[in-house]
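# Examination of the molecular architecture
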Amino acid sequence: MGAAMRRIHVGNALSAFGLGFTVPYLYVYVAQVRDLGAVTAGLVLAVFAVAALVVLPFAGRAIVRRGPLPVLLAALVTAAVGALSLGFAAGAGTVLVSAAVLGAGQAVMQPALATMIVDCSTAETRSRAFAMQFFLQNLGLGVGGLIGGHLVDTTRAGSFTLLFSIEAAMFLLLVVIMLTARLPRAPKAAGVPVESAKASWKQLLGNRAMVQLCVLGFVLFFACYGQFESGLSAYGTEAAGISTSTLGTALAANTAMIVVAQFAVLRFVERRKRSRVIASVGLIWAVAWAIAGYAGLGHGSQAMATAAFVSTYALFGLGEALLSPTLAPLVADLAPEGMAGQYNSAFALVKQLALAVGPAVGGPMGASLHAPYIVTFLLFSLAVTVLAVRLGRQLTPLQNQPSAAQSRVVAQGGAPAEPAPSHA
């Protein structure tokens, strides 16, 4: 791991640590501490998604034209301004504007950081680099949320102002760290005029494998991440009688599974075809939804229902650990020379769409239509497996299993393979 990659990973951890301070308490802050009500709090959460959807289509072209570092620095400063403003905001209008600024900055950070990881890695090291990113993100979110929970006091608005100020400070600290990073010069986009945003999107949509991956990504994020804090939690409390403290335990089990399993499954992932790894995630999540069905629709004891519900979140975490070294490197390998920023932003846009639609669909279903809710998302999980198998037919052997290409060269008696050329 080079010095630049170490700084990128520190940056991921710091940004996640800052977000962990505020994200779990945002609803309470707006609705209760600032006394703006549940409607305004719900609008704030929606504004985060809308801001991301607005800026991400432009972020990719900015990364391609300017490079990921300037875009990341601008996003960090924007997010710091939004976080600090939100900490002092008292009226509904100010809160919504501040949330929009913070959401826009946060949305652009991820594709910029992902592109920097691509530029600082090779096809052989990329899976481990993204696995480390995901590990540090979850660790940062968990530690930040734990510390933030001990600092907040719903009777004192100043305690929340402190949290948002710490979040802003983390973003600004990351600015300082990234200014010291020496990044390799990113390749220029091949075959696409730099000034033609329309041409770059047309080229992306003409990449059949990337389009299929985006469809698969939407289903993945819709069926899992889009349900964590909406439909699945509503289903747990209404159908399975799960307490709010148990919800916290389930989320902790999810994070713990990721932290424990991430590097344990990495060797397994690196030796398998990426399409088959993703297909296995669909099967694991189908089992998770079946267990969730037992928790709420079965006739076991409350202790059994609680154990089943916590196990559901843990199985989701296992699937996430398998995906983190698989999806992002695949996006990078599908991108033509110099277009990693565009492809990363497009995939981030798909993720945001799924995270916006997921709660809107899953929330009402999880709260009232318990059996249809479980059946629907179990089928979505099986659809992940089907789509992954179909995607595998569109991938080249190098894209689907980079490690196998090098192994074949060595097995044939040749010199060890040179690092595969980056398609990012």
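Residues numbered from 1 in each chain as written. Predicted model: local features only at pLDDT ≥ 70, side-chain atom pairs only at ≥ 80, totals over all residues. Heavy atoms only, no water.

### Examining helix 15 (residues 327-334)
Counting buried residues along helix 15, seven of its eight residues qualify, which places the element largely inside the surrounding structure. Taken together, the buried positions of helix 15 are occupied by Leu 327, Pro 329, Leu 330, Val 331, Ala 332, Asp 333 and Leu 334. (Buried < 20%, exposed > 50% of the residue type's maximum accessible area, 1.4 Å probe, protein only. Helix = DSSP H or I, 4+ residues; strand = E, 2+ residues; numbered from the N terminus.)

### Some points on the environment of Ser 233
Along the chain, the position of Ser 233 falls in helix 10 (residues 231-239). According to the relative accessible area criterion, Ser 233 is buried, its value standing at 15%. With 130 residues separating them in the primary sequence, Ser 233 and Gly 363 have C-alpha atoms 8.4 Å apart. In contact with Ser 233, other than residues within four places in its own chain, are Gln 227, Phe 228, Leu 247 and Tyr 313. (Contact = heavy atoms within 4.5 Å.)

### Quick look at a nonpolar patch on the surface
A contiguous nonpolar surface patch, about 470 Å² in accessible area, is contributed by Leu 139, Val 143, Leu 146, Ile 147, Leu 151 and Leu 162. At five residues, the largest contribution of residues to the nonpolar patch is made by helix 6 (residues 126-151). One can find Leu 151 in helix 6. For Leu 151, a relative accessible area of 32% translates into the label partly exposed. (Patch = residues over 30% accessible without salt bridge, like charges linked within 9 Å, V, L, I, M, F, W, Y side chains within 5 Å. Areas by Shrake-Rupley, 256 points an atom, 1.4 Å probe, with all protein chains shown as cover. Salt bridge = Lys/Arg side-chain N within 4 Å of Asp/Glu carboxyl O.)

### What to know about the pattern of salt bridges
This structure, assessed with the given rule, holds three salt bridges. The shortest N-O distance in the salt bridge between Arg 128 and Glu 270 comes to 3.1 Å. One end of the pair, Arg 128, is in helix 6; the other, Glu 270, is in helix 12 (residues 266-270), with 142 residues separating them in the sequence. Residue classification places Arg 128 among the partly exposed positions, given a relative accessible area of 39%. On the accessibility criterion, Glu 270 (22% relative accessible area) is partly exposed. Note that Asp 333 and Arg 274 form a salt bridge whose closest N and O atoms lie 2.8 Å from each other. Of the two residues, Asp 333 sits in helix 15 while Arg 274 sits in helix 13 (residues 274-297), which places them 59 residues apart along the sequence. For the pair Asp 333 and Arg 274, one class covers both residues: buried. If you follow the salt bridges from partner to partner, you end up with Arg 126, Arg 274 and Asp 333 in one network.

### So, the nonpolar core
Judged by nonpolar contacts, the single largest core of 62 residues is most densely connected at Met 210, Leu 213, Leu 220, Leu 232 and Phe 309. Contributions of two or more residues to this core are made by helix 9 (208-223), helix 10, helix 11 (244-261), helix 13, helix 14 (302-323), helix 15, helix 16 (340-368) and helix 17 (370-392). Setting aside residues no more than four positions away along its own chain, Leu 232 makes contact with Gln 227, Trp 289, Ala 292, Phe 309, Thr 312, Tyr 313, Phe 316 and Tyr 373. Counting 54 residues, the second largest nonpolar core, distinct from the first, contains Val 71, Ala 112, Phe 164 and Ala 332. (Core = buried A, V, L, I, M, F, W, Y, C linked by side-chain atoms within 4.5 Å.)

### Observations regarding the confidence of the model for the protein
With 90% of its residues at a pLDDT of at least 70, the protein reaches an overall mean of 82. Ranking the helices and strands of the protein by mean pLDDT puts helix 17 first, with 93, and helix 19 (residues 402-411) last, with 56. Confidence drops under pLDDT 50 across residues 189-195; counting only partners more than four residues distant or on other chains, this segment forms 13 contacts. (pLDDT = per-residue confidence, 0-100.)

### Topic: the packing of helix 2 (residues 26-33) against helix 3 (residues 37-66)
Direction vectors running N to C along helix 2 and helix 3 enclose 145 degrees, while the axes themselves pass 8 Å from each other. As helix 2 packs across helix 3, the resulting crossing turns out to be right-handed. Within the contact between the two elements, helix 2 uses Leu 26, Tyr 27, Val 30 and Ala 31 and helix 3 uses Gly 37, Ala 38, Thr 40, Ala 41, Gly 42, Val 44, Leu 45 and Phe 48. Here the residues of the contact of helix 2 with helix 3 are counted per class, giving nine nonpolar, three polar and no charged. (Axes fitted to C-alpha atoms, helices over the stretch in contact; angles between N-to-C directions. Left-handed = near helix turned anticlockwise from the far one by under 90°. Nonpolar A, V, L, I, M, F, W, Y, C, P; charged D, E, K, R; others polar.)

### Looking at the packing of helix 2 against helix 7 (residues 157-179)
Following both chains from N to C, one finds helix 2 and helix 7 inclined at 145 degrees, their axes separated by 11 Å at the closest point. As helix 2 packs across helix 7, the resulting crossing turns out to be left-handed. On the side of helix 2, the interface is formed by Leu 26, Tyr 29 and Val 33, while helix 7 contributes Ala 157, Phe 160 and Phe 164. Of the residues assigned to the contact of helix 2 with helix 7, the class counts are six nonpolar, no polar and no charged.

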